[in-house]
Structure formats: C-alpha cells, structure tokens
Amino acid sequence: MRRARIIAALVSFSALLLATAPSALASNGGEGWYGESNDVVITNSMFLVIIFFPTIILILSLIQWRLDKRKHARLDAKKRSAANADPRGGW
C-alpha cells in the first residue's frame, strides 16, 4: 500500500511539472537561456557534441581496460596460489 502511495505521488508530481513546463518555456518569445540561436551557435554546439561522444567512449574504454587488467591479475594470482598450496593442508 505504501508503494502505491509513493508511485501515485510521483506520477501526480510529474504530471504537474509537465503541465507547467510549456508556460515556463514560452517566456522571452521562445528564446532559450543562451540567447538567439544562429548558424554559428548551432555549428559550434554540434562540434562540441562530436568531440564529447568519442571522448566519453575513450574514457569508459580505458576504465574497462583497467578493470579487466585487475580482474585477470587477480585470477592469475588465485591460480598461482592454488598451484603452490601445500597438499598436506594443516595450519
């Protein structure tokens, strides 16, 4: 029951935000926070988008490479310790 109340509250809050958004965005004659958009502004912003996506892909790939390197080092250390384990057991 509590979950249904939370979901209902979130849905109603989202509907309220969506209902008030068009009037908030229509101020200043439809002009955004940056100002008037011309060809130079759009071109420069799209160049930034073109730079952003390869950069984020590179950063995330480097993070994944380092994590894979750590994982393989941990697995190799586990194999080495299992191969060097004393077969007699004990303390």
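Scroll up to find the structure.
Residues numbered from 1 in each chain as written. Predicted model: local features only at pLDDT ≥ 70, side-chain atom pairs only at ≥ 80, totals over all residues. Heavy atoms only, no water.

### Structural notes on a nonpolar patch on the surface
Moving on, step 1. Together, Ile42, Met46, Val49, Phe52 and Phe53 make up a nonpolar patch on the protein surface, roughly 460 Å² of accessible area in all.
Moving on, step 2. With respect to the helices and strands, the residue Met46 is situated in helix α2 (residues 39–83). (Patch = residues over 30% accessible without salt bridge, like charges linked within 9 Å, V, L, I, M, F, W, Y side chains within 5 Å. Areas by Shrake-Rupley, 256 points an atom, 1.4 Å probe, with all protein chains shown as cover. Salt bridge = Lys/Arg side-chain N within 4 Å of Asp/Glu carboxyl O. Helix = DSSP H or I, 4+ residues; strand = E, 2+ residues; numbered from the N terminus.)

### Describing the packing of aromatic side chains
Moving on, step 1. One pass over the full model with this rule turns up one aromatic pair.
Moving on, step 2. Ring centres of Phe52 and Phe53 lie 5.1 Å apart, and the angle between their planes is 75 degrees; this geometry places the pair in the edge-to-face category.
Moving on, step 3. Judged by its relative accessible area of 46%, Phe53 falls in the partly exposed class. (Phe/Tyr/Trp six-rings, centres within 6.5 Å; stacked < 30°, edge-to-face > 60°. Buried < 20%, exposed > 50% of the residue type's maximum accessible area, 1.4 Å probe, protein only.)

### Topic: a positive patch on the surface
Moving on, step 1. A cluster of basic residues, Arg66, Lys69, Arg70, Lys71, Arg74 and Lys78, forms a positive patch at the surface.
Moving on, step 2. Within the element layout of this structure, Arg74 appears in helix α2. (Lys, Arg positive; Asp, Glu negative; His and termini not counted. Charge placed at Lys NZ, Arg CZ, Asp CG, Glu CD.)

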